[in-house]
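# Descriptive structure summary
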Amino acid sequence: MNDSSPIITIDGPSGSGKGTIAKRVAGLLGWHLLDSGAIYRGLALSVSKSGADGDDENTVLALCESMNLVFSADSRDESILLNGEDVSQELRAETTGNMASQLAAIGSVRSALLDTQRRYRLLPGLVADGRDMGTTVFPAAELKIYLEASATERAERRYNQLKQKGLSANLANLKKEIAERDERDANRAVSPLRPADDAVVIDSTQMSIDEVVSRVLQLAHSCGVCDSIPD
Ligand code: C5P
């Protein structure tokens, strides 16, 4: 870990577009990217693939230690390996997201994954996306964004995303599942989904991806984490 590398955190509910925005901003700045949701999703897959009982806290904690999740170093390549197996498609399934959200409500699991997430802080900088990047994992981040969008818009975005990846999706079910997941994420006792006190809240319902990316880059420039705004 390098303590002097700057951090931009992008938190928000499911389907708010934070993953897409974080990836674009990291690519334009030439910074590292942390998709923290993929770590919770990787844990969910580790539990289901090993046949472990997700309610057995000690077993889940042991899997936090032993799982080997590898993201591709090339930002254009979305492949993710879990213990050597390509799980990129399974990782994005809504069932995996739901199981991740259940495991993510366990306080000891969140603590066990803190160091794993903080290790992504490397020069020249890190863009970290998730639910508690600005509140818990990187509370001293230079710039904190909280990305929102209406529930309908978020369900539609997630639906299109799943379809594009060739995964099956049903819009009505998706709306229900996303609502349940957000409810659980926002009401859990440890690190609930909420904007950090010093976060800039952006409602992206009526904004294009390009507009959100340029807003984040302008904010990054005005708070001094980048010298110029990349095109
Ligand atoms: O962002 P994504 O949909 O991949 O996250 C899956 C789940 O992992 C979320 O619903 C949430 O419960 C959990 N999560 C979390 N904290 C994070 C990132 C994800 O609790 N920083």
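Before reading on, note that the structure itself is shown above.
All figures in this text were calculated on a predicted structure; none of them were measured in a lab. Position labels on residues start from 1 in each chain and follow its written sequence. Thresholds applied to this predicted model are a pLDDT of at least 70 for local features of residues and 80 or more for the giving and counting of side-chain atom pairs; totals over whole chains, interfaces and linings are not thresholded and use all residues. Based on all heavy atoms of the structure, the side-chain values leave hydrogens and waters out of the count.

Time to look at the environment of G30. Elements are defined by DSSP. Helices are runs of H or I of four residues or more, strands are runs of E of two residues or more, and each kind is numbered from the N terminus. Note that G30 resides in the loop between α1 (18-29) and β2 (32-35). Separated by 169 residues in the primary sequence, G30 and A199 place their C-alpha atoms 23 Å from one another.

Okay, the sheet that holds strand β3 (residues 69-71) next. Following DSSP output, two strands are said to pair if at least two bridges run between them. With antiparallel pairing, three strands are arranged side by side in an open sheet as β3-β4-β5. Unpaired on one side and paired on the other, β3 and β5 (85-86) mark the two borders of the sheet. Sheet topology places β3 next to strand β4 (residues 80-82); three bridges connect them, and they run antiparallel. Bridging across to β4, L69 finds its partner in L82.

A word on the nonpolar core. L34, L43, L103, V109, L113 and F138 are the most contacted members of the largest nonpolar core, which has 31 residues in total. Mapped onto this core, the elements with two or more residues apiece are α2 (36-50), α3 (57-66), β4, α5 (94-103), β6 (126-130) and α8 (133-137). If one sorts the elements of this core by residue count, α2 sits on top with seven residues. Whether two residues are in contact is decided by their heavy atoms, any of which lying within 4.5 Å being enough. Not counting chain neighbours up to four residues away, the residues in contact with F138 comprise I7, T9, L34, Q117, R118, R121, L126, A128, M133 and K144. Side-chain atoms within 4.5 Å are what join buried Ala, Val, Leu, Ile, Met, Phe, Trp, Tyr and Cys residues into a set we call a nonpolar core. Per-residue accessibility, obtained with a 1.4 Å probe over protein chains only, is compared with the maximum for each type, and a residue is labelled buried under 20%, exposed over 50%, and partly exposed between these values. With 21 residues, the next largest nonpolar core counts L143, L147, V213 and V216 among its residues.

A few words now on the pattern of salt bridges. Salt bridges are defined by distance alone: a side-chain nitrogen of Lys or Arg within 4 Å of a carboxyl oxygen of Asp or Glu. All chains considered together, the criterion is met by 15 salt bridges. Residue R158 is joined to E94 by a salt bridge in which the shortest nitrogen-to-oxygen separation is 3.5 Å. Residue R158 is found in helix α9 (residues 151-164), and its partner E94 is found in helix α5; the two are separated by 64 residues along the sequence. Just as R158 is buried, E94 falls in that class too. R131 serves as the salt-bridge partner of D185, at 3.4 Å between the closest nitrogen and oxygen. Within this pair, whereas D185 is found in helix α10 (residues 171-187), its partner R131 is found in the loop between β6 and α8, the two being separated by 54 residues in sequence. Here the two residues D185 and R131 agree in accessibility, since each one is buried. Taken together, the shared-partner salt bridges in this structure form one network comprising K23, E78 and K165.

What makes a patch is a set of residues exposed beyond 30% relative accessible area and free of salt bridges, joined within 9 Å when like-charged and within 5 Å when nonpolar (Val, Leu, Ile, Met, Phe, Trp, Tyr). Accessibility throughout is a Shrake-Rupley quantity obtained with a 1.4 Å probe, and a residue counts as covered only by protein chains that appear here. Only four residue types enter the tally: Lys and Arg on the positive side, Asp and Glu on the negative side, with His and both chain ends excluded. In this description, the location of a charge corresponds to atom NZ of lysine, CZ of arginine, CG of aspartate or CD of glutamate. There is a patch of like negative charges on the surface, built from D53, D55, D56 and E57. Taking the relative accessible area as the measure of exposure, D55 reaches 75% and is therefore exposed.

Let us look at the environment of Q161. In this fold, Q161 is placed in helix α9. Placed 68 residues apart in sequence, Q161 and I229 show a C-alpha to C-alpha distance of 28 Å.

What follows covers the site of the ligand. As a structural note, the neighbourhood of the ligand is formed by 16 residues, with R41, R110, D132, R181 and D185 the closest of them. In the complex, 98% of the free accessible area of the ligand, which totals 460 Å², lies under the protein chains. No other element matches the four residues that α2 contributes to the shell around the ligand. Amino acid classes used here: Ala, Val, Leu, Ile, Met, Phe, Trp, Tyr, Cys and Pro are nonpolar; Asp, Glu, Lys and Arg are charged; the rest, including Gly, are polar. Grouping the amino acids of the shell around the ligand by side-chain chemistry returns four nonpolar, four polar and eight charged. Only heavy atoms are used to decide nearness, and a residue is near a molecule or strand if one of them lies within 4 Å of it.

The next subject is the environment of S101. Take S101: it is sitting in helix α5. Taking the relative accessible area as the measure of exposure, S101 reaches 4% and is therefore buried. Put simply, S101 and R24 are 77 residues apart on the chain and 25 Å apart in space, counted from C-alpha to C-alpha. If sequence neighbours within four positions are ignored, S101 has contacts with R181, R184 and D185. Any pair of nitrogen or oxygen atoms within 3.5 Å is treated as a polar contact; in protein, a donor-acceptor pairing is required on top of that, and neighbouring residues in sequence qualify only through side-chain atoms on both sides. Of the polar contacts made by the side chain of S101, one reaches the side chain of D185; its length is 3.2 Å.

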